[in-house]
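Examination of the molecular architecture
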Amino acid sequence: MSRFLTWLFGRLPIGWLQLSHNKTRLAAALAGVAFANLLVFMQLGILGALNNSTVAPYTLIRGDILVSSTEGDTLTDSGNIARTRMFQALGIAGVKSAAPLYIGTLPLSMGDGTSAALLSFGMDTSQPEFAAPWVARELDALNIESTALLDKGSRGVSASVFERLERGEPYAFEINGRTMTAIGTVDVGGGFLADGTLVVSDQTFLRFNPKRSGGAPSHILINVDDGASVQTVKTRLEAALPAESVKVQIMQDAAAADLAFMSTERPTGIIFGFGVLIGIIVGIVIVYQVLSTDVADHLKEYATFKAMGYDQPFFLGIVLEEALVLAIFGFIPGFLASSVLYKALASVTNLPVEMQAGTAILVFFGTLAACTLSGAIATRRLAAADPADLF
């Protein structure tokens, strides 16, 4: 290691030699940095799972524009909008087609006594263009009364159920005391608001949600004419529909707004965001304590260097060298431990917790920056001190 660092820095690696001289302190410092990395990784992983589960339902639907009630916050946490708004929208220049979308939570009960809360999507089976291609292929089959597509990522549902469905064998379960039959699958995954997803026809949705009215869907999906400007049609819809009760969003903008709401306004997103900040602060404090102690232990040596004419950048370079070593060797175990925990968490909860390359790179450079900041603070005592004052 000393030879490599000598080649890398073009000088004797004083920082590394100081750190490695006290192996107990070095091990404790690396463990602290690794813990801080683990804390940040886990918070980012859960926050990423929150974001992924927020936008995952959008993979089920297609459309250029989403018309919703102003009472709703996200796609799945929505108010009801009058179906008459759909017919108003169809009269707007540039609107090609429109369809209602019903969303609600249903309690699933199985024969083995297990249960799950499923987010159900009621779709108009006569308009497959508003469903994702892999869902549209199954819509005709959903015309059969009380049939559904069951989410393969649902928590609380045995893997044997999906093995049966893959073999083409229907599976019957109970919802609100009535029998529903799964005839196929979708792949959305569980989230923070529900254990999984269920796709049914709009008629089946209303049959199993007796308190919901066909005249009050959750959203209205709109496609614009070929060659028409989506933004122009959106502006026309906003002018024609009452702004106090209806909001009109381009589909991509609606997904982005859902992400922003979940990350900045929902308590879960705010808590995990603060968790990331706490992890960063923990890392900075740990590295600062190690480096400041190291500087204090070698004040006489630094004083000698200063008396010989070495300036502040030289001392800063030594401490930053130590920070670099701590950042790299502390990141590796933190990354490996986080990868293992990600897989375990995803397996247990069915949440979309994945180690992304972008996340790893972000945390690494964040660790490097935090260690560098700690090193810069640790050397402040040397900046203006007289060599005689350091002895």
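Below or above, wherever it landed, is the structure these notes cover.

Conventions we followed
- Residues numbered from 1 in each chain as written.
- Predicted model: local features only at pLDDT ≥ 70, side-chain atom pairs only at ≥ 80, totals over all residues.
- Heavy atoms only, no water.
- Helix = DSSP H or I, 4+ residues; strand = E, 2+ residues; numbered from the N terminus.
- Buried < 20%, exposed > 50% of the residue type's maximum accessible area, 1.4 Å probe, protein only.
- Areas by Shrake-Rupley, 256 points an atom, 1.4 Å probe, with all protein chains shown as cover.
- Lys, Arg positive; Asp, Glu negative; His and termini not counted.
- Charge placed at Lys NZ, Arg CZ, Asp CG, Glu CD.
- Axes fitted to C-alpha atoms, helices over the stretch in contact; angles between N-to-C directions.
- Contact = heavy atoms within 4.5 Å.
- Nonpolar A, V, L, I, M, F, W, Y, C, P; charged D, E, K, R; others polar.
- Salt bridge = Lys/Arg side-chain N within 4 Å of Asp/Glu carboxyl O.
- Phe/Tyr/Trp six-rings, centres within 6.5 Å; stacked < 30°, edge-to-face > 60°.

1. Re the overall build of the protein
Summing up its helical and strand segments, the protein has 15 helices and 9 strands in all. Its C-alpha atoms put the protein at 90 × 55 × 35 Å along the principal axes. Relative to its full complement of 391 residues, the protein shows a buried share of 48%. In the form shown here, the protein has an accessible surface area of approximately 18,000 Å², with 60% of it arising from carbon and sulfur atoms. Mean positive and mean negative side-chain charge positions of the protein (26 and 34 charges, respectively) differ by 4 Å.

2. Quick notes on the packing of helix 11 (residues 299-307) against helix 12 (residues 312-349)
The N-to-C vectors of helix 11 and helix 12 enclose an angle of 145°; their axes lie 10 Å apart at closest approach. In contact with Tyr302, Phe305 and Lys306 of helix 11, helix 12 contributes Phe314, Phe315, Ile318 and Val319. In terms of residue class, the contact of helix 11 with helix 12 is made up of 6 nonpolar, no polar and 1 charged.

3. Considering the pattern of salt bridges
In this structure the tally under the stated criterion is 6 salt bridges. Linking Glu169 and Arg164 is a salt bridge whose minimum nitrogen-to-oxygen distance equals 3.7 Å. For Glu169, a relative accessible area of 34% translates into the label partly exposed. What makes Arg164 partly exposed here is its relative accessible area of 31%. Here Glu169 makes a salt bridge to Arg167, at a shortest N to O gap of 3.2 Å. Its relative accessible area of 53% is what places Arg167 among the exposed residues.

4. Some words on the environment of Leu259
Mapped onto the fold, Leu259 is located in helix 9 (residues 251-264). Taking relative accessible area as the criterion, Leu259 reaches 28% and is therefore assigned partly exposed. In the structure, Leu259 is positioned 209 residues away from Leu50 in sequence and 8.7 Å away in space, judged by C-alpha atoms. Other than its neighbours up to four places away in sequence, Leu259 contacts Asn51, Thr54 and Val55.

5. What to know about the packing of aromatic side chains
Any aromatic ring pair is given by two values, namely how distant the centres are and how the planes are angled relative to each other. Applying the stated criterion to the full structure yields 7 aromatic pairs. Judged by centre distance (5.7 Å) and plane angle (35°), the rings of Tyr102 and Phe205 are tilted. Residue Tyr102 is located in strand 2 (residues 95-109), and its partner Phe205 is located in helix 7 (residues 202-208); the two are separated by 103 residues in the primary sequence. Between Phe331 and Phe364, the ring centres sit 5.3 Å apart and the planes meet at 75°, which makes this aromatic pair edge-to-face. Note that Phe331 is positioned in helix 12 and Phe364 in helix 13 (residues 357-378), a separation of 33 residues in sequence. Take Phe331: its relative accessible area is 12%, and that puts it in the buried class.

Interpretation in functional terms is not warranted from these geometric data alone.
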